[in-house]
Amino acid sequence: QNRFDQRGSRRIIRRRPQPTLESVNEHFDIAVIGSGAAGIAAAVCAARAGRTALLLDKNPAAGGTGGFSGLTTLCGLYDDAGNFLNDGFAKEFAEALTERRSPDRPKIKAAPAPADQEIGAPIKMGSVWVLPYRPEKFRAVAEKFFADEPKLQTRWHWPLKNVVVENECIISLN
C-alpha cells in the first residue's frame, strides 16, 4: 500500500496479517489467559482438580517470559539455604526442568562441574538462589504437563480481545 507521509514522500506500509479471532463458546470451568509460569500452574492444577480448563496465549507455544524472553533463570523458588520454599506444582515443574548431564553432552564452560552434576540444579547468584534452565526445555516441560491433562485444552496464537460477561459469568471470549 502506497501512502504519502507528512513531507510528501511516498512510503510503503506493510502490515502483518492479523490472526483470525474466533470466539470460544464451548463450556469450560476455568479460562486461563497467558501461558507463563503462573498460567501453566493455574491451568494444570485446575485440570488436576477435575475442572475443565482452557489456556489461551498469543504466542505460538507455552512459556511466556520463561519460554520466550531470553531469561534463563527462575527465582523465588528457594529459601536462603537453597531449599525449596513450597512443595506442589512449583517444585514439580522445577524438578522437571532439571536435566542430567549425559557423558556425550559437552560440558558448559560457565559451569565446570563433575559429569554427573545436574544441569538446572539451583545456584546462588549474589544472595538469591535461582534455577537455571533452557527456554526450549521450559516450553517442552509445559507441553508435557498439558498433554498429561485430558481436561485441559490449549489455544495458541490467540490474542484475547473481548470478554462477554452476563450475570457475573464469562459467556464468550473474543
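Summarised in this report is the structure supplied together with it. (Residues numbered from 1 in each chain as written. Predicted model: local features only at pLDDT ≥ 70, side-chain atom pairs only at ≥ 80, totals over all residues. Heavy atoms only, no water.)

**Description of the sheet that holds strand S5 (residues 73–75)**
Let me state the cut-off plainly: Here, a strand pair is defined by DSSP locating no fewer than two bridges between the strands. In this description a helix means any DSSP run of H or I spanning at least four residues, a strand means any run of E spanning at least two, and both kinds are numbered starting from the N terminus. Axis lines are fitted to C-alpha atoms, over the contacting stretch for helices. Their N-to-C directions set the angle, which ranges from 0 to 180 degrees.
Spatially, S5-S9-S8 is the arrangement adopted by the 3 strands of the open sheet, whose pairing is antiparallel. The open sheet is flanked by S5 and strand S8 (123–125), the only strands paired with a single partner. Across the sheet, the mean angle from the axis of one strand to that of its neighbour is 45°, orientation sign disregarded. Where S5 and strand S9 (residues 128–132) come together, 3 bridges link them in antiparallel fashion. Looking at the pairing, Cys-75 lines up with Val-130 of S9.

**Some words on the packing of aromatic side chains**
What counts, and what does not: Only rings of Phe, Tyr and Trp enter the pairing, Trp through its six-membered ring, and a pair is recorded when the two centres are within 6.5 Å. The plane angle decides the type: under 30 degrees is stacked, over 60 is edge-to-face, the rest tilted. Burial classes: relative accessible area under 20% of the type maximum marks a residue as buried, over 50% as exposed, and values in between as partly exposed (1.4 Å probe, protein chains only). Only when the NZ atom of a Lys or the CZ atom of an Arg is both within 6 Å of the ring centre and within 35 degrees of the ring normal do we say a charge sits over the ring.
Enumeration according to the criterion identifies 7 aromatic pairs in this entry. An angle of 65° between the planes, with centres 5.2 Å apart, marks the rings of Phe-89 and Phe-145 as edge-to-face. Note that Phe-89 is positioned in helix H3 (residues 89–97) and Phe-145 in helix H4 (residues 135–147), a separation of 56 residues in sequence. Under the relative-accessibility criterion, Phe-89 is labelled buried at 11%. Assessed through its relative accessible area of 8%, Phe-145 is described here as buried. Centre to centre, the rings of Phe-146 and Trp-156 are 6.1 Å apart; their planes meet at 35°, and the pair counts as tilted. Within this pair, whereas Phe-146 is found in helix H4, its partner Trp-156 is found in the loop between strand S10 (152–155) and strand S11 (163–166), the two being separated by 10 residues in sequence. By relative accessible area, Phe-146 is classed as buried at 6%. Pairwise contacts between aromatic rings join Phe-89, Phe-93, Tyr-133, Phe-138 and Phe-145 into one cluster. Residue placement shows Arg-155 over the ring face of Trp-158; its charged tip is 5.6 Å from the ring centre.

**Let's talk about the sheet that holds strand S4 (residues 53–56)**
Strands sit in the order S3-S4-S10 across an open sheet of 3 strands; the sheet is parallel. Where the open sheet ends on each side, the last strands, each with one partner, are strand S3 (30–33) and S10. Across the sheet, the axes of successive neighbouring strands diverge by a mean angle of 20°, strand direction being ignored. Examined bridge by bridge, S4 and S10 share 4 bridges and lie parallel to one another. Bridging across to S10, Leu-56 finds its partner in Arg-155.

Function cannot be inferred from these measures alone, as they are strictly geometric.
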